[in-house]
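# Examining the three-dimensional arrangement
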Amino acid sequence: MVETQGGEPGDGAAEVLDRPLPDGVRRRVVHIVSDGFGGLTVGELPAQLRQYARFAPNRRAKFAGNAMAAALETDPLFRQRIGEKFREAQPELAGALDSGAPPPAADPLDVAAAAYVLRPTGWVKLVTAAGEEALRADAERADEESRAELERLREELTAARDQTRSETERLRTELESAKKEAESLHRKLRAAHSDVKRGEAALRKLQAEMETVRTEGQAQLSAAESESRRLKARLGESEAALEATRRAAREGRSVEDMRVRLLLDTVLDAAQGLRRELALPPVSVRPAETVDAVEPGRMTPKDIAARALSENDPAILDQLLALPQAHLVVDGYNVTKTGYPQMPLEKQRLRLLGQLSQLAAQTGAEVTCVFDGAELAAPVLLAPPRGVRVLFSKAGVTADELIRQLVRAEPPGRPVIVASTDREVADGIAKAGARPVASAVLLKRLS
């Protein structure tokens, strides 16, 4: 039960509002609660409103409006405390409501909100009357706005009609002018169309004549080019045949002479080497020397067996290079990538060629080092070291094929040693009569 300012129970506590609180009244009620909210302690506030105790009045009305309205409706003690704060803030309005004579000059919404909080006798009538007054004011305001809007629209419609009328007259005038201009342009277009047709006919005639002349010229030019190509082809074939005949005659003789001379030197050197190896005395063999026996100081079968060398022994390479007219062919990248693959290709080549130059100087053998031309990013500029022939395979030819060509170019009987771990290369050159040696053996000998 809500008490009045004098402490006696108010007669309006039992009255009940049978409709929702008007929006305008509700906003004023929330404002009154928000203003009185700050004068209460946290303990005097309902539990659901304590979290808004530190909010400013405006933020409190914004975020806790619904909660404050609900607490005011359901919590009589909270409503009584807010009413007391309102009486302190506006004693004149509160006293007028208690006496049942609200000030006639006061805003009906403020009177209704104060009556809703204080609950004097007849407060429901005051709230209802304020709501109806607010609705009437809204309706009158809306009606005035509608009348003003209708008047504005009428004025705009009249202006639009006048403008449309003048625009229609202008467009009708422009249309008449455009029709006359279109007729003139249509006549000119027909004349131009006739001129274009005559021009197109003349152009087609000229194009046909030009096409005929171009066809005849192309036919004659094609015939002349065909005859020129035929004559050039015959001339090229004649020159190629002549050059091939000359080259065959020249190279055939020089290659055969070279092969015969090299084979003869090989036989002579082999004979001399054999004579030195066998240590033949200058005199003829005596019959007694043909008897099989062991003489003092001569080699025994055990000594001969002790002279056998392993395939991986570098000494076997020295023995092979000591043969007369020996030719050592080295598979360059196969050897370098076996011995020092981490180095760049340029440094691999320089290191191997330097070691081969020393080997050629020590043994006197002919040394040829073959590199794969496919590994080259650009032409290699290097001066071959003394005693070493350096060859790169051509495009489309591998280093293995170039090695086989070098072996086939040698005359039968000449000792040719090929250093490579490629099994296909080793098998191929062995069939051609060359002696394969592993790259590791050559690397051991060079180091």
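Basis of the calculations
Residues numbered from 1 in each chain as written. Predicted model: local features only at pLDDT ≥ 70, side-chain atom pairs only at ≥ 80, totals over all residues. Heavy atoms only, no water. Core = buried A, V, L, I, M, F, W, Y, C linked by side-chain atoms within 4.5 Å. Buried < 20%, exposed > 50% of the residue type's maximum accessible area, 1.4 Å probe, protein only. Helix = DSSP H or I, 4+ residues; strand = E, 2+ residues; numbered from the N terminus. Contact = heavy atoms within 4.5 Å. Pairing = 2+ DSSP bridges. Axes fitted to C-alpha atoms, helices over the stretch in contact; angles between N-to-C directions. Parallel < 35°, antiparallel > 145°, perpendicular 65-115°, else oblique. Nonpolar A, V, L, I, M, F, W, Y, C, P; charged D, E, K, R; others polar.

### Describing the nonpolar core
Core analysis: the biggest nonpolar cluster contains 34 residues, and Val-25, Val-29, Leu-72, Phe-78 and Ile-82 have the highest contact counts within it. Mapped onto this core, the elements with two or more residues apiece are helix 1 (23-37), helix 3 (65-74), helix 4 (76-89), helix 5 (91-99), helix 6 (108-118) and helix 7 (123-278). The element contributing the most residues to this core is helix 6, with nine residues. Among residues more than four places away in sequence, those in contact with Leu-72 are Val-29, Val-33, Phe-78, Arg-79, Ile-82, Tyr-116 and Val-117.

### Things to note about the sheet that holds strand 1 (residues 327-331)
Here five strands make up an open sheet; going across it, the order is 3-2-1-4-5 and the pairing parallel. The open sheet terminates on both sides in strands that have one partner only, identified here as strand 3 (388-392) and strand 5 (435-437). The mean inter-strand angle of the sheet, taken between neighbouring strand axes irrespective of direction, is 20 degrees. The pairing of strand 1 with strand 4 (residues 416-419) spans four bridges and is parallel. Counterpart to Val-329 in the pairing with strand 4 is Val-418. The strands that helix 9 (residues 314-321) touches are strand 1, strand 4 and strand 5; relative to strand 5, the one it contacts most, it runs at about 150 degrees.

### Considering the environment of Ala-67
Within the element layout of this structure, Ala-67 appears in helix 3. Along the sequence, Ala-67 and Val-30 sit 37 residues apart, while their C-alpha atoms lie 9.5 Å from each other.

### So, the pairing of strand 2 (residues 366-371)
The buried fraction of strand 2 amounts to five of the six residues, a majority that puts the element mostly inside the structure. As defined by bridge partners, strand 2 adjoins strand 3 across five bridges and the pair is classed as parallel. Opposite Phe-371, over in strand 3, you have Phe-392 as the bridge partner.

### Looking at the packing of helix 4 against helix 6
The interhelical angle for the contact between helix 4 and helix 6, taken along N-to-C directions, is 130 degrees, at an axis separation of 8 Å. When the axis of helix 4 is compared with that of helix 6, the two are oblique. Along the contact surface, helix 4 presents Arg-79, Ile-82, Gly-83, Phe-86 and Arg-87, while helix 6 presents Ala-114, Tyr-116, Val-117 and Leu-118. Of the residues contributing to the contact of helix 4 with helix 6, the split by class is six nonpolar, one polar and two charged.

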